[in-house]
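# Overview (structure and organization)
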Amino acid sequence: MSVFLQAQEQNRLVFAVPRGRILRALRPALESLGFAPESGLFDESDRRLQFNSEVAGLTFVRVRSFDAATFVAFGGAQIGVAGTDVLDEFRYPEIYAPLDLGLARCRMAVAESRETASQDDPASWSQVRIATKYPRLTRRHFAARGVQAECIPLSGAVELAPALGLARRIVDLVDSGATLAANDLVEVEQIREVSLRLIVNRTAFKLRQAELLPLIDRFRQEFASS
Amino acid sequence: MQDSRLSDSALLPSGFADLLRRQASTEFTLRTTILSRCAAWGYALVRPPLCEFADKPPSPPEDGSAEVSAFRFLDPVSHRILALREDMTPQVARLADSRLKQAPRPLRLCYAGEVLRTNARQIDHERQRLQIGAELIGDDSLAAQVEIILLTSECLAAAGVKTLSVDLAWSRLSHLWLDSLSLSPAEEANARTALAARDEATLGQIAKGALLPLLQAAGTAREVLAQAQAAFPKVLAEPLAALEQLVARLEGESDSLPPETRLTADLAESRDFSYQTGPAFSIFAPAARTEVGRGGVYRTAQGEAACGFSVYGHQLRRALGVQDEVQTLEANPNAVYAAAAVSFARCAELRAEGWSVVRGLDKPPDPVAEAKRLNCAHYLLSDKDKPRPL
């Protein structure tokens, strides 16, 4: 039997959490809900990727925010947390996103340099070049308003693109707006609100409900008010 | 440096693959095993063509995804647009509507063939798929539904998927409920997206959360239906009663289902049931954690009642652990290497006994090593010999 199947047949549940900013926002909840993952999960200098927890058979994996959705979509992890930005970018039909955790709220927006914005009329656009981490979401957003978006995919430091002449405009997450301001960019159009979702793999939801529902319920009770 | 001539000829378009050895033979076996089970249930084989006229632009799917998934091209002969088939079920339904219109009902048909689609879902990235299925046309009664589900599980069991989880749904249940709420088109579209993603947060904000009980209606079939009777509005009473009868009949026939078959229900499910109208089912293989079949009740283009199922080769290979990426090079236990000294007559005898006989074309210095090199588990040196294990 292949290694792949052996890994699948182990009866553990894998919970995928995005590292960095989101994991810091999630930490209090994971601790107060009694999952008690090994503390190394929150220590980014710990080079391990898998961490045990107090809940029997539940393992946490720490991955990049885009990858949390991918691990859950392909069934590598049965449950996880991902932002609506990532979910909207991939639109994996294999992912159920039952709960809004209301954490790490921010928005997805189009931004351009202050100088461009002073002479620009977004209503007149027919074709735009956009630097972004979210090419599919960006193309879909602009197509819906009749604009063709040519995307330059970046995986970080998107705010640099206008200054270095990659693209006049960017699509990225905006929280306080401080990063935009520091790079002399202004927000010209909001695309969507973003927050964290609890996500579940569709097949796992069908086959392992008895294990997954109690986990989802713990989150539901904690986040019902938000 | 890589040989660019090799990569030019070896590279395949995404979603297309060469199936070798076990993968190819597994698909062949699936085809023959499942079709022979269908034949044993009285289903006659049909073979619709690879392409059909597709002059009319396809109607976009109702969920708003607006994806066209058939390969289309211009026919140099008729100058009309043709589409390569992406699903054989509508073809079989078309057959029943046209050439087999006069055939006695209920009409039982089965089929197997390759289908092509342009847009592969990320998890099922194969664009060329082997589809195998059966359609029961002219009847969508409870008896017909039970027959299709029992036939599907018998086919899957024969194919080697021994434990099953049958997930029941009602394909337009959420639509019925949505229609009764008279929402704005935008709200309705949001509600559908939220239902597909089981998104409680968004659904809770639509019609004061009226639809939320749909998301709770997933789990063991009996419990789900009992809960739904209490929590769902009156418009849904009929579908719920019909599903309850189906569950009762299936429980009554549990001897005909593989042992330990689980019956679950998910009343929010509408995925992959685009043309079904009414009871629908998906079958999962718990051991491999993957979906292996789906089916249900639908109407043909002429409005005739029908029900059927289909399974796909790539999903079944996944369920059987015959992975795409893993090439197995283990010796074939059924293969015997016959040295060149062995006569064709003796080889024929062995083949009649069921051996796969690889006859040497020349005289290698070491026949045993040659047997091993050619992945045979046995060898035979002369006519008087019997196959000997390596």
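Residue numbers restart at each chain and count upward from 1, following the sequence in its written direction. A letter from A marks each chain and a number from 1 marks each ligand, given out in the order of writing. Where local features are concerned, this predicted model is filtered to residues with pLDDT of at least 70; where side-chain atom pairs are given and counted, the filter is 80 or more; whole-chain, interface and lining totals use all residues. With hydrogens and water stripped out, all remaining heavy atoms of the structure feed into the side-chain values.

### Section: the interface of chain A and chain B
Put simply, the rule reads: The criterion used for residue contact is that any of the two residues' heavy atoms lie within 4.5 Å. In short, buried area is how much 1.4 Å probe accessible area vanishes from two parts on joining, totalled over both. Any carboxyl oxygen of Asp or Glu that lies within 4 Å of a side-chain nitrogen of Lys or Arg is treated as forming a salt bridge with it. Think of a polar contact as two N or O atoms within 3.5 Å of one another; within protein, one of them needs to be a possible hydrogen donor and the other a possible acceptor, and neighboring residues in sequence only count if both atoms come from side chains. For the purposes of this entry, the term helix denotes a DSSP run of H or I that reaches at least four residues, the term strand denotes a run of E that reaches at least two, and both are numbered from the N terminus.
Taken together, the contacts link 30 residues of chain A with 29 residues of chain B. For the chain A and chain B pair, buried surface summed over both sides reaches about 2,500 Å², with 49% attributable to carbon and sulfur atoms. Area buried by chain A at its contact with chain B is led by Arg202, Lys206 and Leu207 of chain A, which between them contribute 25% of it. With a shortest N-O distance of 2.8 Å, arginine 197 of chain A and aspartate 199 of chain B are connected by a salt bridge. Inspection of the region where chain A meets chain B yields 13 residue pairs in polar contact (both at pLDDT 80 or more). Listing elements by their share of the side of chain A that touches chain B, those giving two or more residues are helix H1 (3-9), strand S5 (95-100), helix H9 (202-207) and helix H10 (209-223) of chain A.

### Digging into the sheet that holds strand S16 (residues 388-389) of chain B
Residue and element names in this part refer to chain B. Formally: At least two DSSP bridges between two strands are needed for those strands to be called paired. Angles here are taken between N-to-C directions and fall from 0 to 180 degrees, while the axes themselves are lines fitted to C-alpha atoms, restricted in helices to the stretch in contact.
Spatially, S14-S13-S15-S16 is the arrangement adopted by the four strands of the open sheet, whose pairing is mixed. If you trace the sheet from one side to the other, it starts and ends with strand S14 (356-359) and S16, each paired once. Judged from the two bridges that link them, strand S15 (residues 376-380) and S16 form a sheet pairing that is antiparallel. Across the sheet, the residue bridging to tyrosine 379 is arginine 388, located in S16. Of the strands in this sheet, strand S13 (332-338), S14 and S15 are in contact with helix H12 (residues 344-352), which crosses S14 at around 160°.

### Here's the deal with the sheet that holds strand S12 (residues 305-312) of chain B
Residues and elements named next belong to chain B. Reading across from one edge, S1-S5-S6-S12-S11-S10-S7-S9-S8 is the order of the nine strands in this open sheet, with mixed pairing throughout. Every other strand in the sheet has two partners, leaving strand S1 (44-45) and strand S8 (218-220) as the edge strands with one partner each. Pairing geometry for strand S7 (residues 165-170) and strand S9 (residues 262-266), over four bridges, is parallel. Paired with leucine 168 across the two strands is alanine 265, which belongs to S9. Docked against the sheet, helix H9 (residues 221-231) engages S8 and S9, running at close to 125° with respect to S8.

### Observations concerning the domain arrangement of chain A
A common way to report how large an interface is uses the accessible area buried once the components associate. All names here are of chain A. The criterion, for reference: Where each domain begins and ends is defined by an automated method or by a domain database.
For chain A, the domain assignment lists domain 1 (3-104 + 195-223) and domain 2 (106-193). Relative placement of domain 1 and domain 2: their C-alpha centres are 30 Å apart. Between domain 1 and domain 2, the contact holds 12 residues from the first and 12 residues from the second. Summed over both partners, the interface of domain 1 with domain 2 buries about 1,000 Å², with 43% contributed by carbon and sulfur atoms. The largest contributions to the domain 1 side of the interface with domain 2 come from Asp85, Asp88 and Glu89, which together make up 49% of the buried area. At the boundary of domain 1 and domain 2, one finds three salt bridges. Among the ionic pairs, aspartate 88 bridges to arginine 140, the shortest N-O distance being 3.4 Å.

### Observations regarding the pattern of salt bridges
Residue and element names in this part refer to chain A. Applied cut-off: Under the scheme applied here, a residue whose accessible area is under 20% of the maximum for its type counts as buried, over 50% as exposed, and between as partly exposed, the area being computed with a 1.4 Å probe on protein chains only.
Taken as a whole, this structure holds 37 salt bridges over all chains when the rule is applied. Between aspartate 217 and arginine 220 there is a salt bridge, and its shortest N-O distance comes to 2.3 Å. One end of the pair, aspartate 217, and the other, arginine 220, are both in helix H10, three residues apart, so they sit about a helical turn from each other. Overall, aspartate 217 belongs to the partly exposed group, its relative accessible area being 32%.

### Some remarks on the confidence of the model for chain B
Residues and elements named next belong to chain B. Our working definition: Residue-level confidence of the predictor, termed pLDDT, takes values from 0 up to 100.
Here chain B averages 89 in pLDDT, while 92% of its residues score no lower than 70. Mean pLDDT across the elements of chain B ranges from a minimum in helix H1 (residues 4-10), with 72, to a maximum in S1, with 98. Across residues 60-66 the pLDDT falls below 50, and counting only partners more than four positions away or on other chains, this stretch makes six contacts in the model. Per the prediction output, this complex has pTM 0.87; the corresponding ipTM is 0.82.

### Details of the pairing of strand S11 (residues 196-201) of chain A
All names here are of chain A. Burial of S11 is extensive: six of the six residues sit out of reach of the surface. What you see with S11 is no split at all: Leu196, Leu198 and Val200 on one side and Arg197, Ile199 and Asn201 on the other are buried throughout. Bridge analysis of strand S4 (residues 79-83) against S11 gives five bridges, and the strand direction is antiparallel. Bridged to valine 81 within S11 is leucine 198. Sheet topology note: the S5/S11 ladder contains four bridges and is antiparallel.

### Structural notes on the domain arrangement of chain B
Here chain B is partitioned into domain 1 (13-319) and domain 2 (332-389). Relative placement of domain 1 of chain B and domain 2 of chain B: their C-alpha centres are 47 Å apart.

### Concerning helix H2 (residues 21-40) of chain B
Residues and elements named next belong to chain B. Defined as follows: Expected span of a helix: the number of residues minus one, times 1.5 Å.
With 20 residues, H2 should reach 28 Å at 1.5 Å per residue; the first-to-last C-alpha distance of 28 Å fits that figure. Taken together, the buried positions of H2 are occupied by Gln23, Thr26, Glu27, Leu30, Thr33, Ile34, Leu35 and Cys38. For H2, the elements touching its buried residues are S1, strand S5 (107-116), strand S6 (128-137), helix H4 (142-159), S12 and helix H11 (313-319). Downstream of H2 by a residue or two, glycine 42 has a phi angle that is positive, lying close to 90°.

### With respect to the packing of helix H5 (residues 173-181) of chain B against helix H6 (residues 185-196) of chain B
Each pair of packed helices can be described by the angle between their axes along with the distance between the axes. Residue and element names in this part refer to chain B. Our working rule: Under this scheme an angle from 65 to 115 degrees is roughly perpendicular, one under 35 degrees roughly parallel, and one over 145 degrees roughly antiparallel; angles in between are oblique. Crossing chirality is assigned from the near helix's rotation relative to the far helix, an anticlockwise turn below a right angle marking it left-handed and a clockwise turn marking it right-handed. Charged residues are taken to be Asp, Glu, Lys and Arg, nonpolar residues to be Ala, Val, Leu, Ile, Met, Phe, Trp, Tyr, Cys and Pro, and polar residues to be all remaining types, Gly included.
Remark: H5 packs on H6, axes separated minimally by 11 Å, with the N-to-C direction vectors making an angle of 150°. The angle between H5 and H6 falls in the class roughly antiparallel. As for the relative orientation of H5 and H6, their crossing is right-handed in sense. Between H5 and H6, the residues in contact are Ser174, His175, Leu178 and Asp179 and Glu188, Ala191, Arg192 and Leu195, respectively. Looking at side-chain class alone, the contact of H5 with H6 contains three nonpolar, two polar and three charged residues.

### Looking at the environment of asparagine 334 of chain B
All names here are of chain B. Tracing the backbone through its elements, the reader meets asparagine 334 in strand S13. Along the backbone, asparagine 334 and cysteine 376 are 42 residues apart, and their C-alpha atoms lie at a distance of 7.6 Å. Setting aside residues up to four positions removed in sequence, asparagine 334 forms contacts with Gly354, Trp355 and Ser356. Of note is the side chain of asparagine 334, whose polar atom sits 3.3 Å from the backbone oxygen of glycine 354.

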